[in-house]
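# Coordinates in review
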Amino acid sequence: MNIFVPLALLAAAVFAAPAQAAMPAKPALKVTTLDGKPYDLAAQRGHWVVVNYWATWCVPCIKEMPDISAFVSGRKDVTAIGLAYDDSDIADIRAFVAKHPVSYPIAQVTLDNPPKDFDEPRGLPTTYLIAPDGTVAKRFVGPISGDALKAAIDDAK
């Protein structure tokens, strides 16, 4: 067998894979929350921001939401936005949030139209900690806690 055939197939597979651009240093995020209000990540400068991707069917997401909510409620220097990465009907997401209330706004982002400046989550939950200057301080894949967020903020200072 010619060695160039497997190499050509490998190269074709690599180049056929969808390319994902690197996240910008200061990602933008403009969404409409479930209550119809606009949310702009840039307007949060000066605060730490927890950007949390979750879904209604994700058990670890559901377990971490109260902890994120309590953490954000207990700190004046931290805000959050929950991104329901879910193709469910918006009424179903609203009903879910009514059963699992949080202290921060929630917006729906669909799988076919995710925020352009954020990498597509490879697993849920995925959380980004945005520093007060708008840069990504840390990305978490998997469930997080208030303690993990506090440690990441302390480490970044």
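One structure accompanies this document, and this report is about it. A quick note: this is a predicted structure, and the numbers were derived from the prediction, not measured.

Basis of the calculations
Residues numbered from 1 in each chain as written. Predicted model: local features only at pLDDT ≥ 70, side-chain atom pairs only at ≥ 80, totals over all residues. Heavy atoms only, no water. Helix = DSSP H or I, 4+ residues; strand = E, 2+ residues; numbered from the N terminus. Contact = heavy atoms within 4.5 Å. Buried < 20%, exposed > 50% of the residue type's maximum accessible area, 1.4 Å probe, protein only. Pairing = 2+ DSSP bridges. Right-handed = clockwise from strand over helix to strand, strands pointing away.

Turning to its location among the elements, A131 is positioned in the loop between β6 (126-130) and β7 (136-141). For the pair A131 and I153, spaced 22 residues apart in the sequence, the C-alpha separation amounts to 8.1 Å. In contact with A131, not counting residues within four places along its chain, are H47, W48 and A137.

Here we take up the pairing of strand β4 (residues 78-85). Within β4, eight of the eight residues are buried, which leaves it mostly tucked inside the rest of the structure. Burial along β4 is two-sided: V78, A80, G82 and A84 facing one way and T79, I81, L83 and Y85 facing the other are all buried. Relative to β4, strand β3 (residues 48-54) is paired through seven bridges, and the arrangement is parallel. Opposite V50, over in β4, you have A80 as the bridge partner. Handedness of the crossover joining β3 and β4 through helix α2 (residues 59-73): right-handed. Pairing of β4 with strand β5 (residues 106-109) involves four bridges; the strand directions are parallel. Bridging across to β5, G82 finds its partner in I106.

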